[in-house]
Amino acid sequence: MLQIFPDLVRRSDPSEPTELLQETAFDNYKGEVLSGGFKRIVGDLRSKHFDTWSWYTLAKRADALLIGQQETTDLLAVEYLKERWKQVGVVAYPHQLDTARRVIFEMQGQAILADEVGLGKTIEAGLIVKEYLLRGLAKKILILTPASLLWQWYHELYEKFAITAGIQRTEWDWNHSDILIASLDTAKREPHASVIRKLPYDLLIIDEAHKLKNSSTIGYRFVNSIQKKYCLMLTATPIQNDLKELYNLIALIQPGQLGSYRSFKDRFMKAKRTPKNPRELKGLLDQVMIRNRRDEETIQFTDRIVHPIVVSLSPKEQSIYTRVTQFVKESSKRQGLENILPLITLQREVCSSFLATALTLEKMMANMDSEDLAVAASLLKDLADVKQNSKCDALEELVAGLSDKIIIFTEYKASQEYIRYRLEKAGYSTLAFDGTLSRGKKQWVRHMFQQEAQILVSTESGGEGLNFQFCNQVVNFDLPWNPMRLEQRIGRVHRLGQTRDVHIFNLLTKDTIEEHIMYLLHEKINMFETIIGELDTILLHLNLGRSFESAIMDIFLAHEEKGEIREQLDRFGERFIQGQSEVKTTTWDIL
Amino acid sequence: MEQLVFDFFKLCSLNPVEIRKGVWQVQADDGLMKELDGWRSQGRLLQFTFDQRLAEIYGADLICPGSYRLNSILQVIRKQGRLSQAHIPHHYFHEPSIQKKILGGLGAQRAYVVNSSQQYAQYMEIEILTEVRGLHKKESLHTVVVNLFSGKVLKFPFPTHLLRAGGVPQGLVGRRGCSFKQAFANAAAHLHQTLAQGEQKWAEEAHSKLVLEESKLREFFVGNTGSDEFKAKQQELHRRLHPVMRMDALRGALLFTPLFRYRLVVVDADGSERTKNLSYDPIGNLQELD
């Protein structure tokens, strides 16, 4: 004990385990007397260490005040974190607080948090962790996530909840860290799995829990075998293909909640994706699952305002575009669909920048036959001759008219470099952001963008938890063909915490494939202005059998006329919308 | 709460100054700041207020139920005062009246006091944190005082208002007839008994939930209830839902109370005289005749 100033004694928290001194069985409960506190008092008695009576009485008053505070049936964490949230700019939304309350007070800490994407499941989980820590109900906590999200969890817990967790690196960590974040893939492997199975956890959190939808996988069996008091499973898609997936997830946290699988199938499954007795099933699900949706009751997102900017190519650019397109079509006919991927890339790049197109073409030439090689060489020469880039001219013009911070997205690194070169030359300060940056560098670029530079040129749409809510202008220099990637791009700025309307500027080249893509994404699917929840589920439901990009490419390869392409895209768009409504009306109405 | 905060600073030999109406300032040194905010903190001018509006205007630390600053202060305070001692001085009691009462209490026997002395009886005050865990956790504090001579729990409130800080000379302390461990066990048993007679809804609710969940678990493992997995899940369920009342001591104090000792000569009806020792504890109203 170290005397740091008159009468105030520094004491470390007790390290010795608290033992059970006495146990009594009563009618309805068990009575336990612990020895830890009294042992410490006796220790002080033996060493004749008496604190002053003033501190003793003050401490008793403090005990009473603290216990009185904890009697509240509301969340302690909210008051406790108020100041921190003010500092770091966190606003807890009512649906997040309600979720935490329900999990703690109604569900006894066993729940699936199945909010739609972007509603803050991690915040809800963090709030629950903090609450359990403050109430002294949890000490040993394990968070299992995909490896890519380890640091995101670490930062979220630290910044928003003042929880310092460890990130698992070695076998030693399992036993020695009270709050540990680990990759599920690592944890389920030996020798880790055996160590974890022996430890009794107070709280287990599984992020991206839909990965445990199959009960015969090692991951599922491993999580099922972990000793846990409370368990939270986070997923935006508790059902992807089959109601059995949902059954399996629930069996992990509350086996028996839906009965045995046979009885569940009889009572609640009409078809694989179609529930029977949906109302009854929903009643049972509500006891273990919380699903908040994006609507007026949860969050009012700001608007997305779309500004299409049509760029006319110069005759020379147009001629090269036509030649590249022709090359792609002919090559694909000859090579079949097996080697379609580089051709798709080429077709997409030609709408972005000729520099990117030239680099890809050059790489492709290594594996070309002599016929293609001659055409490619001539194309490459012409691409190198083009000095103008009408899209970049339009971009410069656009940027000149915007005063606030701007994120420019492109799919290609070569385009990114070219854009930066042009903008820097025009006197703008720019930063590059891409997937090759380390986590630390990404944070640094984000910080620099927030503090210094006006423009961020990014090739990464996912961004792994790096969010840019301080910016509300997004420029799509080229359009990704996959709606998922587009949503991820916009989602970097249009998410919780964005207080302004988000302006989306789409640069699209006239009379090119981009025009059609824009037609599909904007006019048919309305991707830009509305947030389509569960895009991945819808895409899965469409059962395309290949990637979204390939499906679109097929349309372009099979049809020459603009009218025909439009007609096919119309059909494709309608299929998407139908898939969307099917997903909602079949399984989702029970969630 | 406000008084508690000011008392805390006072005990730290600090005197907060009201720099604006409702905003206080105190120069906290390194030691205090490290205790409050962790080892990386350094001494600084600590400004605090109890008014949320003022906290926002002046950026002062807000002290209100649940606030970070209040919690940090409470944590520091609660680490103090684990064991203390206090006494009740003899002069709070009118000794001649006590002597009269004792002699009167002997009934038909005649007695007179040969000599008297003043010692201290020992009591132990134990503050026990009781935690009931059913569907929810609820904590409550109970203060139990145990007579260290008899080991009995005091059934009526101890007159804490009479206590004065500090112990008494060891030579004046009467003997102890009960170990500290026994005293704690008696206090806990007394508390269990008292609480068992009280409201039990928390346990009943948790118990019925446990029964319900266990039946669901059996349905899930139908035909396989002898498996290790079933046992593990059942154990998990009990760990989560089985109602428990848990007690642990938070702090304790030795309380020294006056003990009046008399050497008496008792005269029996036949005129024979016997010498007796009698001690009287006015707090416990305990009279012991040798």
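Conventions adopted
Residues numbered from 1 in each chain as written. Chains lettered and ligands numbered in written order. Predicted model: local features only at pLDDT ≥ 70, side-chain atom pairs only at ≥ 80, totals over all residues. Heavy atoms only, no water. Contact = heavy atoms within 4.5 Å. Buried area = accessible area lost by both parts, 1.4 Å probe. Salt bridge = Lys/Arg side-chain N within 4 Å of Asp/Glu carboxyl O. Polar contact = N/O pair within 3.5 Å; in protein donor to acceptor, adjacent residues only side chain to side chain. Helix = DSSP H or I, 4+ residues; strand = E, 2+ residues; numbered from the N terminus. Nonpolar A, V, L, I, M, F, W, Y, C, P; charged D, E, K, R; others polar. Pairing = 2+ DSSP bridges. Core = buried A, V, L, I, M, F, W, Y, C linked by side-chain atoms within 4.5 Å. Buried < 20%, exposed > 50% of the residue type's maximum accessible area, 1.4 Å probe, protein only. Axes fitted to C-alpha atoms, helices over the stretch in contact; angles between N-to-C directions. Parallel < 35°, antiparallel > 145°, perpendicular 65-115°, else oblique. Left-handed = near helix turned anticlockwise from the far one by under 90°.

Caption draft 1: A look at the interface of chain A and chain B. Residue-level contacts link 84 residues of chain A with 92 residues of chain B. Carbon and sulfur atoms supply 59% of the area buried between chain A and chain B, which totals about 7,800 Å² over both sides. The largest per-residue losses of area from chain A upon contact with chain B belong to Tyr29(A), Phe38(A) and Trp53(A), which jointly make up 10% of the total buried on that side. Linking chain A with chain B are 8 salt bridges. When the shortest N-O distance is used, the salt bridge between Arg61(A) and Asp7(B) registers 2.8 Å. Connecting chain A to chain B are 29 residue pairs in polar contact (both at pLDDT 80 or more). Tallying contributions element by element places helix α2 (residues 53–70) of chain A first for the side of chain A that touches chain B, with 16 residues. Residue classes in the side of chain A that touches chain B are distributed as 39 nonpolar, 24 polar and 21 charged. Note: strand β4 (residues 30–34) of chain A against strand β9 (residues 244–267) of chain B, 4 bridges, orientation parallel. Bridge pairing in β9(B) links Val33(A) to Met247(B).

Caption draft 2: Main features of the nonpolar core. All names here are of chain A. Formed by 62 residues in total, the largest nonpolar core has its most connected members in Leu361, Ile407, Phe449, Leu456, Phe468 and Ile552. In terms of residue count, helix α24 (residues 548–558) provides more of this core than any other element does, 7 residues in total. Here Ile552 is in contact with Trp481, Ile517, Leu520 and Phe572, once residues within four sequence places are set aside. In terms of nonpolar packing, the next biggest core, distinct from the first, is built from 42 residues, Ala193, Leu199, Ile250 and Leu285 among them.

Caption draft 3: Molecular detail of the sheet that holds strand β4 (residues 61–62) of chain B. All names here are of chain B. Reading across from one edge, β1-β2-β3-β4 is the order of the 4 strands in this open sheet, with mixed pairing throughout. Looking at the sheet topology across the chains shown, the edges are occupied by β1 (17–20) and β4. Note: β1 against strand β2 (residues 23–28), 3 bridges, orientation antiparallel. The residue bridging Val17 from the neighbouring strand is Gln25, located in β2.

Caption draft 4: Main features of the packing of helix α18 (residues 390–400) of chain A against helix α19 (residues 413–425) of chain A. Residues and elements named next belong to chain A. Packing of α18 against α19 leaves a shortest axis separation of 10 Å and a crossing angle of 50°. Classified by the angle between their axes, α18 and α19 sit oblique to one another. In this structure, α18 meets α19 at a crossing whose hand is right-handed. Here α18 contributes Cys392, Asp393, Leu395, Glu396 and Val399 to the contact with α19, which in turn contributes Tyr418, Ile419, Arg422 and Leu423. Considered class by class, the residues forming the contact of α18 with α19 number 6 nonpolar, no polar and 3 charged.

Honestly, that's just the spatial picture; any functional story needs more than this.
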